[in-house]
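Structure at a glance
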Amino acid sequence: MSSTTPPTYANKSACIIISMWDLAKIFEYATCCFTSIHLALDKSEVSRTIMFQKLFVQHLVWEANRFVFPFINICALSNTAPALPKYLNDIVKMLTEWQVGLLDDDDLFRRFWTHNMNIPGDIMARYRMVSVFLYSWWKDRFDLIPFEMPHRISLEEVKDLCLAHVDQMPAGYLLIPDMKRHKGGMDPLLNNLWIIKDDLQQLGTQLDSWLSMKVDEGRGALEVMAWMEGPADGLHNAKAASQRLLDAGGREDEE
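All of these numbers come straight from a predicted model, not from anything done at the bench.

Scanning the protein chain from terminus to terminus reveals seven helices and zero strands. The N-to-C order of helical and strand elements in the protein chain reads α-α-α-α-α-α-α. Relative to its full complement of 255 residues, the protein chain shows a buried share of 33%. Of the roughly 16800 Å² of accessible surface on the protein chain, 60% is carried by carbon and sulfur atoms.

Next comes the structure, spelled out in structure tokens:
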């Protein structure tokens, strides 16, 4: 190849494969993070200096840039509206207003701090709290240490963080399908159809397993109840016989 011939580059851009279940778990994870941040800020006794607020906003924006905005962008690329929990939707709104200059750092800090996160009707809000986070900067004196959060977090790591998060959830989350790594393809619509098919099949399998377990438990309960019928009948007969003896004794006393 001559020095004047431009090089040829193959288009090998990676195809982002992620299901709606994956996105729902990621947004749930992000909601839990922001809930924990809000509660930690309420409990903190550190003085709200200008520097504290500035560093808090820096970390808050980092949180959104790693676990929220990239996945909203993925939804936009596939012409899908992201299904955000109400509290997370409010957080995204105030962060977006900060990004476009409608809020400054002080405004964003004050809006986040004073925002009411107890959303009426959100019955799962109290179950969003877990004890372990990998990037729990809000548990440290972040205002006294250098900002050293990772510049990027891979999709696979985010999925792993969400899986670890769900493992800490109450039993009510056990029916949510696990994240799967789907094969890619050239047709985005076909990819989404295969993802939906796989997720529905997985959900059906888990529901079938859950129903089978409940049927087995019910069968065991019926067997115990059937076994107890004999002793219960014997107790009833003994009670009836005792009552007859008491009645007979009473009549003899009257005579």
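That was the structure; now back to the text.
Okay, the packing of helix α1 (residues 20-43) against helix α3 (residues 69-77) next. Running from N to C, α1 and α3 cross one another at 150 degrees; their axes reach a closest spacing of 10 Å. Taken together, the axis directions place α1 and α3 in an arrangement best described as roughly antiparallel. Handedness of the crossing formed by α1 with α3: left-handed. Seen from α1, the contacting residues are Leu23, Ile26 and Phe27; seen from α3, they are Phe71, Ile72 and Cys75. Taken together, the residues that form the contact of α1 with α3 break down as six nonpolar, no polar and no charged.

Our focus in this paragraph is the packing of α1 against helix α6 (residues 155-167). Contact geometry for α1 and α6: axes closest at 9 Å, N-to-C directions at 70 degrees. Between α1 and α6, the angle falls in the class roughly perpendicular. Note that α1 runs across α6; the crossing there is left-handed. Residues Asp22, Lys25, Ile26, Glu28, Tyr29 and Cys32 of α1 touch α6, and the partners they reach there are Val158, Lys159, Leu161, Cys162, Leu163, His165 and Val166.

Grouped together as the largest cluster of nonpolar side chains are 48 residues, with contacts concentrated most on Phe34, Phe56, Phe67, Leu95 and Phe112. The set of elements that each furnish at least two residues to this core consists of α1, α2 (50-67), α3, α4 (86-99), α5 (105-114) and α6. Among the elements that take part in this core, α1 stands out by supplying 10 residues, more than any other. Leave out the neighbours within four places in its chain, and Phe112 touches Phe34, Ile37, His38, Leu41, Phe56, Leu60, Tyr87, Ile91 and Met94.

Rules and cut-offs
Residues numbered from 1 in each chain as written. Predicted model: local features only at pLDDT ≥ 70, side-chain atom pairs only at ≥ 80, totals over all residues. Heavy atoms only, no water. Helix = DSSP H or I, 4+ residues; strand = E, 2+ residues; numbered from the N terminus. Buried < 20%, exposed > 50% of the residue type's maximum accessible area, 1.4 Å probe, protein only. Areas by Shrake-Rupley, 256 points an atom, 1.4 Å probe, with all protein chains shown as cover. Axes fitted to C-alpha atoms, helices over the stretch in contact; angles between N-to-C directions. Parallel < 35°, antiparallel > 145°, perpendicular 65-115°, else oblique. Left-handed = near helix turned anticlockwise from the far one by under 90°. Contact = heavy atoms within 4.5 Å. Nonpolar A, V, L, I, M, F, W, Y, C, P; charged D, E, K, R; others polar. Core = buried A, V, L, I, M, F, W, Y, C linked by side-chain atoms within 4.5 Å.

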